[in-house]
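Chains, contacts and geometry: an overview
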Amino acid sequence: VKARRTMETANRNLTQEITERQRAAAALRASEENYRMLFREMLNGFALHEIICDEAGNVFDYRFLAVNPAFERMTGLKAAETVGRTVLEIMPDTERSWIERYGKVALTGEPVRFENVAASMKKHFEVVAFRPKTKQFACVFSDIPERKKAEEQLRQQGQELQANTEELSRLNRLMAGRELRMIEMKQQGNDLAAQLGQPRPHALAFMDAAAAEVLRTTPKPSDPEAEVRSKRSEVGSQNSETRKEQS
């Protein structure tokens, strides 16, 4: 009886262990499938690499381990022609700065984010690079000419809007000046008619009258010739009065 109970307990434990392993395996498969789906469907390019160092430990190249479809679309490099090969085998003109920057990420584990031009591809990329394992680095990147183009369009539109606003302000000032000048001329005509005892020829609206009042109370620019004529008239009047008194 004791042996039977021991056997039953062992069977239950084995069954429980098998069930837990099956659950763990199913969870792992689901996780891997989610990763593969993300890898396939993500819009940004993704690539996994390992660095290649010389005997002194200096990074001089790196090898592609995996790339996603977005990487293929952005770079024009096919996975079948890329995975397993080094960047200098595929693109011998690759700038040294790219290799050094990625090598630092793989060796130090310090992630980076930057923008740079890949002259060999004639592409402008925004890149995030990080280290998933020692001497490996992964890149998530996007081709940003379209974003740059949109930013440039916004900048040009802003400049055009500013220019239009300035021109509109200039035209408004010009029109306002003309309107005020017209009101001033109307008011002068009305004043002259009033001095002659005639009806006012211009019926100024409330706003016209208010503007005319502003013009009437605003100091006018000095006219040197008018001032000279006024002084001469005053002197002539004084001389005339003096002669009358002497006679």
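Here's what I pulled together on the structure shown here. Predicted model, so just to flag it, every value in this text is computed and none were measured. (Residues numbered from 1 in each chain as written. Predicted model: local features only at pLDDT ≥ 70, side-chain atom pairs only at ≥ 80, totals over all residues. Heavy atoms only, no water.)

A short note on the sheet that holds strand β1 (residues 45-53)
Strands sit in the order β2-β1-β5-β4-β3 across an open sheet of 5 strands; the sheet is antiparallel. On the outer flanks of this sheet lie β2 (59-67) and β3 (112-118), each paired with one strand and no other. When strand polarity is set aside, the average angle formed by the axes of neighbouring strands in this sheet is 35°. In this structure, strand β4 (residues 123-130) lies alongside strand β5 (residues 136-143), joined through 6 bridges in antiparallel fashion. Across the sheet, A129 pairs through a bridge with C139, a residue of β5. (Pairing = 2+ DSSP bridges. Helix = DSSP H or I, 4+ residues; strand = E, 2+ residues; numbered from the N terminus. Axes fitted to C-alpha atoms, helices over the stretch in contact; angles between N-to-C directions.)

Quick notes on unusual backbone geometry
The backbone phi angle of K135 is positive, close to 65°, even though this residue is not glycine. Mapped onto the secondary structure, K135 falls in the loop between β4 and β5. Owing to a relative accessible area of 45%, K135 belongs among the partly exposed residues under this scheme. (Buried < 20%, exposed > 50% of the residue type's maximum accessible area, 1.4 Å probe, protein only.)

Points about empty space enclosed by the protein
Going through the model one piece at a time under the given rule, you end up with 1 cavity of 30 Å³ or more. For the largest cavity, the calculated volume is near 240 Å³. Along its surface, the largest cavity is lined by 18 residues, and Y62, W98, Y102, M121 and F125 are the ones closest to its centre. Every element with two or more residues in the lining of the largest cavity is listed here: β1, β2, α2 (69-75), α5 (96-108), β4 and β5. (1 Å grid on protein atoms, 1.4 Å probe; cavity = no way out; pocket = protein on both sides within 12 Å on 5 of 7 lines; lining within 4 Å. Points joined across faces, edges and corners; volume = space filled by probe spheres on them.)

Structural notes on the nonpolar core
Judged by nonpolar contacts, the single largest core of 25 residues is most densely connected at Y102, V127 and F137. Counting residues per element, the ones that place at least two in this core are β1, β2, α2, α4 (87-90), α5, β3, β4 and β5. Once residues within four sequence positions are removed from consideration, V127 is found in contact with W98, Y102, V112, R113, F114, C139, V140 and F141. (Core = buried A, V, L, I, M, F, W, Y, C linked by side-chain atoms within 4.5 Å. Contact = heavy atoms within 4.5 Å.)

Let's talk about the side chain of T75
Relative to the helices and strands, T75 is located in helix α2. In this structure T75 comes out as buried when scored by relative accessible area, which is 15%. Here F71 takes part through its backbone oxygen, which lies 2.7 Å from a polar atom of the side chain of T75. For T75, the side chain forms a polar contact with the main-chain nitrogen of L77, separated by 3.1 Å. Not counting chain neighbours up to four residues away, the residues in contact with T75 comprise M121, F125 and F141. (Polar contact = N/O pair within 3.5 Å; in protein donor to acceptor, adjacent residues only side chain to side chain.)

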